[in-house]
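Working through the structure, step by step
Residue strings, one per chain:
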Protein chains: 2
Amino acid sequence: MEEPSASPRRVTIVDVARHAQVSTTAVSKVLRNAYGASPEMRAKVRRAIDELGYRPLAAARGLRGQTYTIGVMLPDIRNPFFPEILDGITGRLADTDYQVLLGPGCNGEKEEARITEALIDRGMDGLILVAPVSPGSHLEHLASVVPTVIVGRHGHSAAYDTVNDDDIAGAALVVGHLAELGHRRIAHIEHRETDPARLEEMPNAQRAEGYRRAMRSLGLAGEIDVVSTSYTPQGGLQGAKELLARPRRPTAVFAGADIVAMGVLEAFAEAGVCVPDDISVAGYDNTTFAALGPVSLTSVDQAGREIGENAARLLLERIADRNKPSVQVRLSPKLVPRRTTAEPRR
Amino acid sequence: MEEPSASPRRVTIVDVARHAQVSTTAVSKVLRNAYGASPEMRAKVRRAIDELGYRPLAAARGLRGQTYTIGVMLPDIRNPFFPEILDGITGRLADTDYQVLLGPGCNGEKEEARITEALIDRGMDGLILVAPVSPGSHLEHLASVVPTVIVGRHGHSAAYDTVNDDDIAGAALVVGHLAELGHRRIAHIEHRETDPARLEEMPNAQRAEGYRRAMRSLGLAGEIDVVSTSYTPQGGLQGAKELLARPRRPTAVFAGADIVAMGVLEAFAEAGVCVPDDISVAGYDNTTFAALGPVSLTSVDQAGREIGENAARLLLERIADRNKPSVQVRLSPKLVPRRTTAEPRR
DNA sequence: CGGGTGGTGGGTAACGTTTCCCAATGGTGG
DNA sequence: CCACCATTGGGAAACGTTACCCACCACCCG
């Protein structure tokens, strides 16, 4: 009696070698485009590969050489900004042998460490970490084990490359836009940052700092009003409620991220506050959500695709030469004014 | 002269064995909770593992046994419904040794095949495919190679388990709700399905079929009006424009997915059509977007978390026993009425 | 004509883990 | 007291691929 679906043993490099009447070494050389194989040999081996439908097993490759796999970690799969970055990464990697795998959403330092370790254990050739919250020392450690690119986190290291958007400038764009419309009482909702070490490195902290600086430079230092919650719709909801409870309500709210603005808009709708007639609202990230008709949220565009492309490019370069000097790429944000911001009511 | 950051060789099972003064076999047994190790031995080995900070290398494990990795493929990372499923999966797997990795977004059969193959090449112990578009024969092939669970696709097989929501019933909920409000001219925007083989299996086709059946059973067969586009905001935009151009405009639109409804709402806003005063709009999936204040979209809840939990559970069972009979789980949808649906204007 | 030299091809030992076996021990029932 | 068994431990051969090195063959140059 035979197993009904006894999976037929996988085709290996040995089968290919036998079929093509060459050595396994030769097949391996062809697979890796390595030196030492004549054109005729290459053609013969490739034919055998096609005829047998051979596919190299990443696990076995990883034991000696590379797995041709890049691990990507996104902090929050729900934030519609991150898929843009991912598109940029996969786009840049599309015509290489590399394949991207994603670690699933994670929140918190502990979970993040678990996932980065899992990615390393699974033999990733390189890591792209988007807005990681781990302390810099841990990032350095990771980078010493495997080529790494850090996206969306300021502060740099000789061990890894970084790709960033200028969040200080982005915040200034928003504040400038609102001030130009005539607003003075401009409030900001930030993502609470407790760790002093991260205070300078995280984009959320930079946006808050950019807000403060811009307010000061416009002579609005006295109007600075920051609410600390989190970069989630719930954070926006809560922040907006706090602002509505102020004795002197702000006339404009700069939410640190579009998903925060989502919560803000919801809170205002519930409270019967009209946007932009009663209060203007601006977000950050220019997600697809912001562009949407019924929302039409003023936001800041970060060119997520470009960020991802740069990250992938730098990672490939670092995989090729692990000792190359580290690179910092900084891109510039653009304001996208829409219908949630307008002149304040007189 | 020494390398500045010459990555210190990884700790292996051999190091652990030496440190604990036992054989590598013994360490392996402890790692896998296998038979043949006394409690004292286990304690001794575990101590050595902790002291050395040993972590097993998945690639090496995969060569003989398991990699303790589950591959998940989502069709569209931008559709906010899918993270719910993912949460269910990771939740169910949280206190096991298994780790989830995601294949990045894919569209089209070819891309899907590439990613599933890449996941298999990378030694996944099991696959969870969400709403795959590949032909059934390809799914059977995959399932013969590696334990597989198919989510969100009707039609079953002895080779794999399935988890579904009853899309026919869900569509009926929406149509029933709109009819009860007094609507008769209820249109539907579907995701175009060209392949006849998939016509019965894909959720989008089932929703369209459910719409038709519900219309007929309510005596509204003459009012059936289906526009075929795609499950994207752009698809909704285009579909809505087509409907607005009808000589007799519908009074209600049932979009096959919330992201489609996003586009519909945008088109209506642009055209100055008021929702729900002029036209009612309903979606499907009950995404976080639908719940949002300024949107408040009537939708159908699919219990994505529960879907994911079931998928993960079934996959673990199938990994444990590859020859167990296949299981089909079917969950029931729930209507969530919100502010985009109302009585038609007289 | 001897000895480099550059272009080919292959043999073999890793890589880190698990699986398959066998050995030793001590207890147990006939 | 002998066979048998259950328990505990380890040796060694896989798993599929790549890295390292050596052999061979022309060919060219002095």
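Notes on the structure follow. What you see is a predicted model, and the numbers here were worked out from it, not measured in a lab. (Residues numbered from 1 in each chain as written. Chains lettered and ligands numbered in written order. Predicted model: local features only at pLDDT ≥ 70, side-chain atom pairs only at ≥ 80, totals over all residues. Heavy atoms only, no water.)

With that settled, consider the relation of the copies chain B and chain A. Of the two same-sequence chains, chain B is brought onto chain A (RMSD 0.1 Å, axial shift 0.0 Å) by a rotation of 180 degrees. Such a combination of turn and shift is consistent with a two-fold rotation axis. In this assembly, 100% of the residues forming the interface of chain B have copies in chain A that are likewise at the interface, indicating an isologous arrangement. (Least-squares fit on C-alpha atoms with pLDDT ≥ 70 in both. Contact = heavy atoms within 4.5 Å.)

It is worth spelling out the protein's contact with DNA strand C at this point. Near DNA strand C lie 26 residues; those nearest to it are Ser38 of chain A together with Ile13, Ser28, Arg32 and Tyr54 of chain B. Between DNA strand C and Ser23 of chain A there is a distance of 3.1 Å, counted from a phosphate oxygen to a side-chain nitrogen or oxygen. Measuring from a phosphate oxygen of DNA strand C, one finds a side-chain N or O atom of Ser38 of chain A at 2.9 Å. If you list the elements that add at least two residues to the surface near DNA strand C, you get helix H2 (24-31) and helix H4 (58-64) of chain A together with helix H2 (24-31) and helix H4 (58-64) of chain B. For the surface near DNA strand C, the element with the highest residue contribution is H4 of chain B, accounting for 4 residues. Tallied by class, the residues present in the surface near DNA strand C amount to 13 nonpolar, 8 polar and 5 charged. (Near = heavy atom within 4 Å. Polar contact = N/O pair within 3.5 Å; in protein donor to acceptor, adjacent residues only side chain to side chain. Helix = DSSP H or I, 4+ residues; strand = E, 2+ residues; numbered from the N terminus. Nonpolar A, V, L, I, M, F, W, Y, C, P; charged D, E, K, R; others polar.)

On to empty space enclosed by the protein. Following the criterion strictly, the structure yields 1 cavity of 30 Å³ or more and no others. Empty space within the largest cavity amounts to approximately 130 Å³. The wall of the largest cavity is formed by 14 residues, among which Ala59 and Arg122 of chain A together with Ala58, Ala59 and Arg122 of chain B lie closest to the centre. Counting only elements with at least two residues in the lining of the largest cavity, the list comes to H4 of chain A together with H4 of chain B. The residue inventory of the lining of the largest cavity, partitioned by class, reads 8 nonpolar, 4 polar and 2 charged. (1 Å grid on protein atoms, 1.4 Å probe; cavity = no way out; pocket = protein on both sides within 12 Å on 5 of 7 lines; lining within 4 Å. Points joined across faces, edges and corners; volume = space filled by probe spheres on them.)

We now examine the environment of Asn79 of chain B. All names here are of chain B. Assignment of secondary structure puts Asn79 in the loop between strand E1 (69-73) and helix H5 (82-93). Given the relative accessible area of 6%, Asn79 is considered buried. The spacing of Asn79 and Ile259 is 180 residues in sequence and 6.8 Å in space, taken between C-alpha atoms. If sequence neighbours within four positions are ignored, Asn79 has contacts with Ile259, Asp285 and Thr287. (Buried < 20%, exposed > 50% of the residue type's maximum accessible area, 1.4 Å probe, protein only.)

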